[in-house]
Amino acid sequence: MILISELCDISVDTLIHLDKELLEKITNEISGFLNKTEYPLQKIIVIDGVRYGFEPNLSKMAYGAYLDIAKFKDLQLNDDWLGVMNILYRPLKNKQGALYSIEPYKGWNEWDKDKFASVGMDIHFGGFFFFSRLYKELLKGILNYTKNQMGQYPSIKSILERSGENIVQLHNLQEKISSSLIK
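Undergrad: So what about helix 7 (residues 121-152)? Which residues, and what values?
TA: Counted at 1.5 Å a residue, the expected span for helix 7 with its 32 residues is 46 Å, and the 46 Å between its end C-alpha atoms agrees. Listed in full, the buried residues belonging to helix 7 are Ile123, His124, Phe125, Gly126, Gly127, Phe128, Phe129, Phe131 and Gln149.

This is the structure:
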């Protein structure tokens, strides 16, 4: 019920008085919407008549933009996400066919998070799931590379195993020291 209250901006007191069948219908609609993960990244969007483009080349993104995104602890669909969207989507400068350029990143002073609060969730989900898929692909690539390297160089496996054992030993030592200091 709290999820419905937050997403729909309806007080819990109001929701309590709704018909059970209606509440179930709303819950099913929201669940269907939230469980869909196939929202495409929309590279160009329009907000209040202004065309914005998604950062066209993340590997060439301005260092300041990267640092500002890195200030967020993790990517979640919360108030911080509006800031991330504000960094990644900037006004279009030029567009020719599928290619486009956006205005340079100007830092925190240019933030207008409210403009992204009015954008549809399909656009937010598209950006969010783009990074989610990218993250999963990177993890798979790292795992495959590590497995491949361990097969080629057996000593890496033993080093990683010993490293894991050392971490456990270090953790146990820290707990013993902490408990002896408390006594």
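Still to come is the rest of the account.
Undergrad: Break down the sheet that holds strand 3 (residues 89-96) for me, citing the residues and quoting the values.
TA: Strands pair in a sheet through their backbones, by hydrogen bonds, and they do so in one of two ways: parallel or antiparallel. Taken together, 4 strands build an open sheet; the order of strands is 1-2-3-4 and the sheet is antiparallel. Of all the strands in the sheet, just strand 1 (44-47) and strand 4 (99-102) have a single pairing partner and so form its edges. The mean inter-strand angle of the sheet, taken between neighbouring strand axes irrespective of direction, is 55°. Strand direction decides the pairing type here: strand 1 and strand 2 (residues 50-54), joined by 4 bridges, are antiparallel. Bridging across to strand 2, Ile44 finds its partner in Gly53. Contacting strand 2, strand 3 and strand 4, helix 5 (residues 79-88) crosses the sheet at an angle of about 25° to strand 3.

Undergrad: Break down the pattern of salt bridges for me, citing the residues and quoting the values.
TA: One pass over the structure, following the stated rule, counts 4 salt bridges. Ionic pairing is found between Lys71 and Asp68, a salt bridge with its closest N-O pair at 3.4 Å. Between Glu137 and Lys140 there is a salt bridge whose closest N-O contact spans 3.2 Å. One end of the pair is Glu137 and the other is Lys140, both in helix 7 and 3 residues apart, which spans about a single turn. Owing to a relative accessible area of 49%, Glu137 belongs among the partly exposed residues under this scheme.

Rules used throughout
Residues numbered from 1 in each chain as written. Predicted model: local features only at pLDDT ≥ 70, side-chain atom pairs only at ≥ 80, totals over all residues. Heavy atoms only, no water. Helix = DSSP H or I, 4+ residues; strand = E, 2+ residues; numbered from the N terminus. Expected span 1.5 Å × (residues − 1). Buried < 20%, exposed > 50% of the residue type's maximum accessible area, 1.4 Å probe, protein only. Pairing = 2+ DSSP bridges. Axes fitted to C-alpha atoms, helices over the stretch in contact; angles between N-to-C directions. Contact = heavy atoms within 4.5 Å. Salt bridge = Lys/Arg side-chain N within 4 Å of Asp/Glu carboxyl O.

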